[in-house]
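A structural walkthrough
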Amino acid sequence: MTRTFTKTPGNALGEAAGLRWLAEAEPAGGAHVAAVIAVDESRLEIEHIPSGRASVAAARKFGRSLAVTHAAGADWWGCPPRDWVGGPSVGNSQTPLVLDRADSASTWGEFYADSRILDFARRLSEAGAIDKAEYAVFDRLADRLRAGDFDVAQPELVAAAGNTVARVHGDMWAGNVLYDDGATGATLIDPMAHGGHAETDLGTLAVFGFQHLDEVYRGYDEASPFAPGWQERVDLHKLGVVIMHAHLFGGGYIGESLHLARRYV
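So, here is what we can say about the structure in this document.

About the criteria used
Residues numbered from 1 in each chain as written. Predicted model: local features only at pLDDT ≥ 70, side-chain atom pairs only at ≥ 80, totals over all residues. Heavy atoms only, no water. Axes fitted to C-alpha atoms, helices over the stretch in contact; angles between N-to-C directions. Helix = DSSP H or I, 4+ residues; strand = E, 2+ residues; numbered from the N terminus. Parallel < 35°, antiparallel > 145°, perpendicular 65-115°, else oblique. Left-handed = near helix turned anticlockwise from the far one by under 90°. Contact = heavy atoms within 4.5 Å. Nonpolar A, V, L, I, M, F, W, Y, C, P; charged D, E, K, R; others polar. Salt bridge = Lys/Arg side-chain N within 4 Å of Asp/Glu carboxyl O. Polar contact = N/O pair within 3.5 Å; in protein donor to acceptor, adjacent residues only side chain to side chain. Buried < 20%, exposed > 50% of the residue type's maximum accessible area, 1.4 Å probe, protein only. Pairing = 2+ DSSP bridges. Core = buried A, V, L, I, M, F, W, Y, C linked by side-chain atoms within 4.5 Å.

**Examining the packing of helix H4 (residues 132–146) against helix H9 (residues 252–262)**
Look at H4 against H9: their axes get within 9 Å of each other, and the N-to-C directions meet at 40 degrees. With respect to H9, the axis of H4 lies oblique. Between H4 and H9 the crossing geometry is left-handed. Only Ser257, Leu258, Ala261 and Arg262 of H9 make contact with H4, whose side of the interface consists of Glu134, Val137, Phe138 and Leu141. Taken together, the residues of the contact of H4 with H9 sort by class into 5 nonpolar, 1 polar and 2 charged.

**Re the pattern of salt bridges**
For the coordinates displayed, the defined rule picks out 15 salt bridges. Between Glu45 and Arg43 there is a salt bridge, and its shortest N-O distance comes to 3.3 Å. A salt bridge links Glu215 to Arg60; the nearest nitrogen and oxygen atoms lie 2.7 Å apart. In this pair, Glu215 sits in helix H7 (residues 213–223) while Arg60 sits in helix H2 (residues 56–71), placing the two residues 155 residues apart along the sequence.

**With respect to the packing of H4 against helix H8 (residues 230–249)**
Geometry of a packed helix pair, given as the angle between the helix axes and the separation of the axes. H8 packs onto H4 with a crossing angle of 135 degrees between their chain directions and a minimal axis gap of 13 Å. On the basis of their axis angle, the class for H4 and H8 is oblique. Every pair of crossing elements has a handedness; the one defined by H4 and H8 is left-handed. Note on element contacts: H8 touches H4 through Leu236, Leu239 and Ile243, opposite Phe138, Leu141 and Leu145. Partitioning the contact of H4 with H8 into residue classes produces 6 nonpolar, no polar and no charged.

**Some words on the side chain of Thr69**
Checked against the element boundaries, Thr69 lands in helix H2. Only 2.9 Å separates the side chain of Thr69 from the backbone nitrogen of Ala31, close enough to count as a polar contact. Residue contacts for Thr69: discarding those within four places in its chain leaves Leu22, Ala25, Gly30, Ala31 and Arg167.

**Quick word on the environment of Leu97**
Looking at the element boundaries, Leu97 is found in the loop between strand E6 (95–96) and helix H3 (108–126). Among the residues examined, Leu97 registers a relative accessible area of 6% and is labelled buried. Spatially, the C-alpha atom of Leu97 lies 35 Å from that of Val56, the residues being 41 residues apart in sequence. With sequence-adjacent residues up to four places away left out, Leu97 is seen in contact with Gly78, Cys79, Pro80, Trp84, Gly87, Pro88, Ser89, Val90, Ala193 and His194.

**Observations concerning the sheet that holds strand E9 (residues 186–188)**
Pairing is mixed across the open sheet formed by 3 strands, whose spatial order is E2-E9-E8. Edge positions in the sheet fall to strand E2 (32–33) and strand E8 (177–179), since each of these pairs with one other strand and no more. Of the strand pairs in this sheet, E2 and E9 are connected by 2 bridges, and their pairing is parallel. Directly across from Val33, in E9, lies its bridge partner Leu188.

**Side note on the nonpolar core**
Phe62, Phe138, Leu141, Leu145, Val216 and Leu239 are the most contacted members of the largest nonpolar core, which has 81 residues in total. Excluding residues within four positions of it along the chain, Phe62 makes contact with Ala31, Met172, Val177, Thr184, Gly185, Ala186, Leu188, Leu205 and Val216.

**Quick notes on the sheet that holds strand E3 (residues 36–39)**
Pairing between sheet strands relies on hydrogen bonds along the backbone, with the strands arranged either parallel or antiparallel. Strands sit in the order E1-E4-E3 across an open sheet of 3 strands; the sheet is antiparallel. Two strands in the sheet have a free side with no partner beyond their single neighbour: strand E1 (4–7) and E3. The sheet shows a mean angle of 20 degrees between the axes of neighbouring strands, direction not considered. Its contacts with the sheet put helix H1 (residues 12–23) on E1, E3 and strand E4 (44–47), and the angle it makes with E3 is roughly 160 degrees.

This is the structure:
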């Protein structure tokens, strides 16, 4: 009998849609995604992922397979997964999605500025967690993002597939990437899947640390080379998840968000 894991997320149907959307890339060599066994409005049952050994070889395999997942593409910046069930946000953080192409940003910088950085900065300001001067740091960064100062091409496989927007996991911290001794090195779970920039997933993986992260980057870059200067953009892509945590948990995440933002203003 196949072992399974059952959870009761806030939006079980939406999470299942995200898992299935990411898994569409697997036949072409994309990263393994925990299979949906059963789902209803309150309960999600997925395959159980056995713990595997973190190794250089597994990290490189995962990097290569993740590049293929990203290359599957998405229709517009911030778009939800196919068959999405839910409103215009995802997760406990209520991270914005863009449900209609007509409302989508024309560039990644515009999307990241408005639907990630300023959305959470406004919430922090309204809660009294940051003052006007601190909000202004995020606002200045948003201006640079909208101006296109950080817009770069997607990694090579995404562009080669004819996609401007990558198919991203959206919450790719270490707890959501499980080394498993499988063919792709690791399995993805618990997505906040949407259309975004591939570099954001790679930046998010650095937020809390990940074993053999440099090897993940190496494997990815071998399969799908990054745009030049990607190392200098890692902290920018980390910021989206750090400011989300600042909204959820406050504390040191607020200071870390400001530290990251100031690097780019």
